Amino acid sequence: MNHFYLFYLLGVINYRLDPSKASFISSKPITLFKVVLHLVVPNVVLLSISIYGKTGILLTVPSVHVMVFFIRIICTLLTMNVNVLLNYYFFSAKQTALLGECMDRFRDAKITSASFRGSRFVLGIFLLHYINYEINQYTYVILYDEKWPELTFYIVYYFIEMVTVMHALFYDSVLDTVRRTVQLDCVELRNCIEHNRLQNDTCWWRITHEFYDRLLALDRRRKDYCRTFQLQLVTIALNTFISSFSIFYVNLNSILVVTHNSWLEKYKRVTESLGFFTQLGALLLICRHSTYLASEQRTLVRLIAEAQSMLTKCSTNMKNANALNCRIFLLQNQMTIAPFDLFIFDMKYFLGIVAAIVTYLVVLLQFRAMEPSLN
């Protein structure tokens, strides 16, 4: 779980893992410094430049593009502000408690360091993307003679967007950590079934109840995750839709209207067109791991049922098994990540977001195609 330290460095969270104590710790001075760095400075810089800065590049862009882009800026800024405040001052204790419980589960399974290579790889790719995004801002200085205040504005904004996307990746990493705990339970129960088939009823009842208790613990961790991150997930989902739509709309119109001759113009347009990659990519990871978590939970339920099948078919065992199955059945209907019950984070939801973006783009492009005939 050392990759959480990168989120600490990026200012997504205000606590870090202390290997010596095997727990998460935080510091009030560092928290205050991060609040200044991620809230006070960006808000002041963007507001000051918006009021006092004058740019020539915005005069060359259609006004609709400017409006859409500034809606994206405002939404991203509000999302980052809300997420930083919630993670720092309202839910940090619940987050550390949830992660600490997952660490205890890894420790009980005698796993000293769970592998999160996938999460680290994604973090590296996203950071490289935003480094390229920041470098791309200098093309405006070369192509359009953009002034330093406006250049600073966009650099600060894309830093804010990076931190916002990193918040989404952090929520995905926590969800992936919870998923790893149920994976361990599934592997352990599967091994019990394969190597203890000749045990008596007492042994199988002990195994069944032990893993039923683990299923309850997993359901509690899932509920803790929903309670801790539900408001953050809603803001991330809303910001992803608005930002992705604005990126598609502005860049698609620019590609259709403006010819790009020099390699610098092509590099600028390709880089900006890839802006949706991080927005939708982070949401895709959350939906993917949420789907995997539900699948692993169902696998654990199936394995518990298989363990029950090892019991002898006496009336007492059948009666107790039916009672246990009824309780498990009630849990199965709740195995989803659904913040405020507004929507369920799964692949169906992600595909719905993509379909909605494409639908709105088609409608707007149809209106754009009608403009010459209206004139």
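Values in this document were obtained by computation on a predicted structure and should not be read as measured data. (Residues numbered from 1 in each chain as written. Predicted model: local features only at pLDDT ≥ 70, side-chain atom pairs only at ≥ 80, totals over all residues. Heavy atoms only, no water.)

*Asks:* Describe the overall build of the protein chain, naming the residues involved and giving the relevant values.
*Replies:* Each helix and strand in the protein chain was counted, giving 12 helices and two strands. For the protein chain, the sequential pattern of α-helices and β-strands runs α-β-β-α-α-α-α-α-α-α-α-α-α-α. The buried share of the protein chain, taken over its 375 residues, is 49%. Summarising the internal contacts of the protein chain: among those between residues at least 6 apart in sequence, 85% fall at separations of at least 24. Element-wise, carbon and sulfur atoms account for 66% of the exposed surface of the protein chain, whose accessible area totals about 18,700 Å². (Helix = DSSP H or I, 4+ residues; strand = E, 2+ residues; numbered from the N terminus. Buried < 20%, exposed > 50% of the residue type's maximum accessible area, 1.4 Å probe, protein only. Contact = heavy atoms within 4.5 Å. Areas by Shrake-Rupley, 256 points an atom, 1.4 Å probe, with all protein chains shown as cover.)

*Asks:* Can you tell me about unusual backbone geometry, naming the residues and giving the values?
*Replies:* The phi torsion at F340 lies on the positive side, around 55°, for a residue other than glycine. Residue placement: F340 occurs in the loop between α11 (315-332) and α12 (347-374).

*Asks:* How would you explain the UniProt feature "transmembrane region" (unreviewed entry) in the protein chain if you had to name every residue and give the values?
*Replies:* UniProt's entry tags residues 31-52, 64-90, 111-131, 151-171, 229-250 and 349-369 with the feature "transmembrane region" (unreviewed entry), counted in the numbering of this structure. Across residues 151-171 one finds 100% helix and 0% strand; the C-alpha atoms that close the span lie 31 Å apart. (UniProt positions renumbered as here; feature names shortened; annotations may be inferred.)

*Asks:* Give a detailed account of the packing of helix α2 (residues 28-52) against helix α7 (residues 148-195), specifying residues and quantitative values.
*Replies:* Two elements in contact, α2 and α7, have axes separated by 10 Å at closest approach and are oriented at 145°. Like other packed secondary-structure pairs, α2 and α7 cross with a definite hand, here left-handed. In contact with H38, P42, V45, L46, I49 and S50 of α2, α7 contributes P149, E150, T152, F153, V156, Y157, F159, I160 and V163. Class assignment for the residues of the contact of α2 with α7 results in 11 nonpolar, three polar and one charged. (Axes fitted to C-alpha atoms, helices over the stretch in contact; angles between N-to-C directions. Left-handed = near helix turned anticlockwise from the far one by under 90°. Nonpolar A, V, L, I, M, F, W, Y, C, P; charged D, E, K, R; others polar.)

*Asks:* Pulling in residues and values, what's your account of the pairing of strand β1 (residues 15-18)?
*Replies:* Relative to strand β2 (residues 23-26), β1 runs antiparallel, the two sharing four bridges. The residue bridging D18 from the neighbouring strand is S23, located in β2. Once β1 ends, the chain turns through four residues before running back antiparallel as β2, passing A22 with a positive phi of about 55°. (Pairing = 2+ DSSP bridges.)

*Asks:* Explain the pattern of salt bridges to me, using residue names and the numbers behind them.
*Replies:* Scanning the model with the defined rule gives 16 salt bridges in all. Residue R221 is joined to E101 by a salt bridge in which the shortest nitrogen-to-oxygen separation is 3.4 Å. Of this pair, R221 sits in helix α8 (residues 201-257) while E101 sits in helix α4 (residues 92-108); the two residues are 120 residues apart in sequence, bridging distant segments of the chain. Residue classification places R221 among the buried positions, given a relative accessible area of 4%. Residue R222 pairs with D219 through a salt bridge whose shortest N-O separation is 3.0 Å. Highlighted residues: R222 and D219, both in helix α8, separated by three residues, approximately one helical turn. According to the relative accessible area criterion, D219 is buried, its value standing at 6%. A network of salt bridges, in which partner residues are shared, links R105, D185, E188, R206, E210 and R214. (Salt bridge = Lys/Arg side-chain N within 4 Å of Asp/Glu carboxyl O.)

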